[in-house]
Amino acid sequence: MVKVLVAAPLHPKAIEKLRSAGFEVIVKEYPSEDELVKLIKDVDAIIVRSKPRVTRRVIEAAEKLRVIGRAGVGIDNIDLEVAKEKGITVLNTPGAPSRSVAELAIGLMLAVARKIAFADRKMREGVWAKKQCMGFELRGKILGVIGMGRIGREVARIAYYGFGMKIIYYDARGKMEDVERELGAKYRELEDVLREADIVTLHVPLLPSTRHLINEERLKLMKPSAILINTARGGVVDTGALVKALSNGWIAGAGLDVYEEEPLPKDHPLTKFDNVVLTPHIGSTTTEAQERAGVQIAEKIIEFFRSN
Ligand code: NAD
């Protein structure tokens with residue numbers, strides 16, 4: 001019988017799927033490394049989220065392990081090198097959070113454009129800040145999508161169908177006929193997206209080629225009325241340069257879910273701007289995304305043992 005160790009909170013539907021497939025499921029949420037070394041000994045598969053860490057020591061203690069499943073996207077908590085050495089397959093669910101992250105990106109756009117978070121803070125201080133809350137509509141504005149992958153496309157669709165925004169985009173893969181046809185989107189070079197867009201939204205992975213993709217020089221290209229949304233990874237933006245851009249009025253505001261340092265340190269300069277909206281990396285923190293991630297990883301693991 002296939003034995004699966006569920007080492008992080010997993011949606012009940014996912015556990016049910018594994019059990020109905022005839023798997024033995026052991027649940028031990030977030031064990032310590034020492035506990036994990038013991039638990040992993042005789043299991044065929046393990047399921048984790050962004051925690052616990054599946055280190056060399058853990059993998060080397062496993063005698064039967066064939067699959068490491070990550071319910072979610074990032075697999076930086078898994079020692080991929082050792083997994084490869086030992087011929088262990090690593091699976092994840094890259095599409096599960098896309099819609100949730102896209103909706104948060106739109107939420108941040110609205111929050112910055114209409115000063116929602118600022119207005120809420122003022123209300124709680126007993127200040128009726130109507131005059132300080134002049135905003136702008138999304139309709140008819142140019143949305144610049146940097147990284148037209150799963151999440152970028154979802155944002156572009158909501159912006160186009162829901163708000164009547166015009167879409168321009170940049171992606172390392174170049175022009176994409178399907179997106180251009182469906183959304184009337186136009187491909188531009190990175191610098192041109194930054195120059196033309198009213199809202200720039202980032203959806204590239206963090207790679208050596210995208211680290212500080214948005215730097216001082218590129219922030220200077222943006223319109224002073226434009227806003228920057230980052231729900232990708234903190235390292236895609238040079239934080240020091242962003243603070244400078246906001247202080248000098250090179251851009252009109254920012255909506256951020258991800259940071260170079262997480263948690264964002266208390267009293268960080270970014271917390272001082274009224275025109276910046278901050279959320280604590282909650283892009284995929286929705287019941288739907290969590291359910292999809294769990295169910296999809298369960299299905300992938302079942303499929304793996306059926307076909308291998
Ligand atoms: P994806 O792989 O579907 O899309 C990424 C796109 O970026 C691809 O089209 C790729 O060609 C493009 N790209 C890669 N390198 C590039 C470069 N140097 N310049 C321009 N384009 C480049 O990924 P996705 O699922 O859409 O995820 C996008 C981002 O969202 C990732 O950074 C991911 O880590 C992040 N994310 C954040 C959260 C959150 O909680 N905020 C949750 C999930 C994912």
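Reference entry: report on the structure contained in this document. Throughout, a residue's number is its position along its own chain's written sequence, starting from 1. Local features in this predicted model are restricted to residues of pLDDT 70 or higher, and side-chain atom pairs are both shown and tallied only at a pLDDT of 80 or more, whereas totals for entire chains, interfaces and linings draw on every residue. As a convention, hydrogens and water are excluded, and side-chain values are obtained from all of the structure's heavy atoms.

For the rest of this paragraph, the subject is the layout of surface pockets. Estimated volume of the largest pocket: approximately 1400 Å³. Secondary structure elements are defined from DSSP: runs of H or I of at least 4 residues count as helices, runs of E of at least 2 residues count as strands, and each element is numbered from the N terminus. Of all the secondary-structure elements, those providing two or more residues to the lining of the largest pocket are α5 (98-113), α7 (150-163) and α12 (287-307). No other element matches the 3 residues that α12 contributes to the lining of the largest pocket. Think of it as three bins: nonpolar holds Ala, Val, Leu, Ile, Met, Phe, Trp, Tyr, Cys and Pro, charged holds Asp, Glu, Lys and Arg, and polar takes everything else, Gly as well. Counted by class, the lining of the largest pocket contains 19 nonpolar, 17 polar and 9 charged residues. Only protein atoms enter the 1 Å grid used here. Points where a 1.4 Å probe fits but cannot escape make up a cavity, open sets with protein on both sides within 12 Å along at least five of seven lines make up a pocket, and a residue lines them when an atom lies within 4 Å of a point. Grid points are joined across faces, edges and corners, and a volume is the space filled by probe spheres set on the points.

Moving on: the site of the ligand. Taken together, 25 residues are adjacent to the ligand, and Arg 150, Ile 151, Asp 171, Arg 173 and Val 204 come closest. What qualifies as a polar contact is a pair of N or O atoms within 3.5 Å, subject to a donor-acceptor requirement within protein and to the restriction that residues adjacent in sequence count only when both atoms come from side chains. Asp 257 has a polar side-chain atom sitting 3.0 Å from a nitrogen atom of the ligand. Using a 1.4 Å probe, accessible areas were evaluated by the Shrake-Rupley method; residue-level cover was limited to the displayed protein chains. When isolated, the ligand has an accessible area of 870 Å², and the protein chains bury 87% of it. Each molecule is assigned to a cavity or pocket provided more than half of its atoms lie within 2 Å of the corresponding grid points. The cavity where the ligand resides is the largest pocket. Proximity is defined per residue: if any heavy atom of the residue lies within 4 Å of a molecule or strand, that residue is considered near it.

To continue, consider empty space enclosed by the protein. Under the definition given, this model contains 1 cavity of 30 Å³ or more. In this model, the largest cavity occupies a volume close to 70 Å³. Around the largest cavity, the lining residues are Asn 230, Gly 234, Val 237, Thr 239, Leu 242, Leu 256, Val 258, Tyr 259, Glu 260 and Leu 270. Taken together, the residues that form the lining of the largest cavity break down as 6 nonpolar, 3 polar and 1 charged.

Here strand β4 (residues 67-70) shows no split at all, with Val 67 and Gly 69 on one side and Ile 68 and Arg 70 on the other all buried. In this structure, strand β3 (residues 45-48) lies alongside β4, joined through 4 bridges in parallel fashion. By the bridge assignment, Ile 46 is partnered in β4 with Ile 68. Strands are treated as partners if at least two bridges between them are detected by DSSP. As paired elements, β4 and strand β5 (residues 89-92) share 4 bridges and run parallel to each other. Residue pairing in the sheet places Gly 69 in a bridge with Leu 91 of β5. To sort residues, take the accessible area from a 1.4 Å probe on protein chains only and compare it with the maximum for the residue type: under 20% means buried, over 50% means exposed, and anything in between is partly exposed.

With respect to the helices and strands, Thr 210 occurs in the loop between β9 (199-202) and α10 (216-219). A relative accessible area of 7% places Thr 210 in the buried class. Within the structure, Thr 210 has its side chain in polar contact with the backbone nitrogen of Leu 207 (distance 2.7 Å). When neighbours within four sequence positions are excluded, Thr 210 is seen to be in contact with Val 204, Pro 205, Gly 235 and Val 236. Residues are treated as being in contact if the distance between any of their heavy atoms lies within 4.5 Å.

Worth remembering: the numbers are spatial, not functional.
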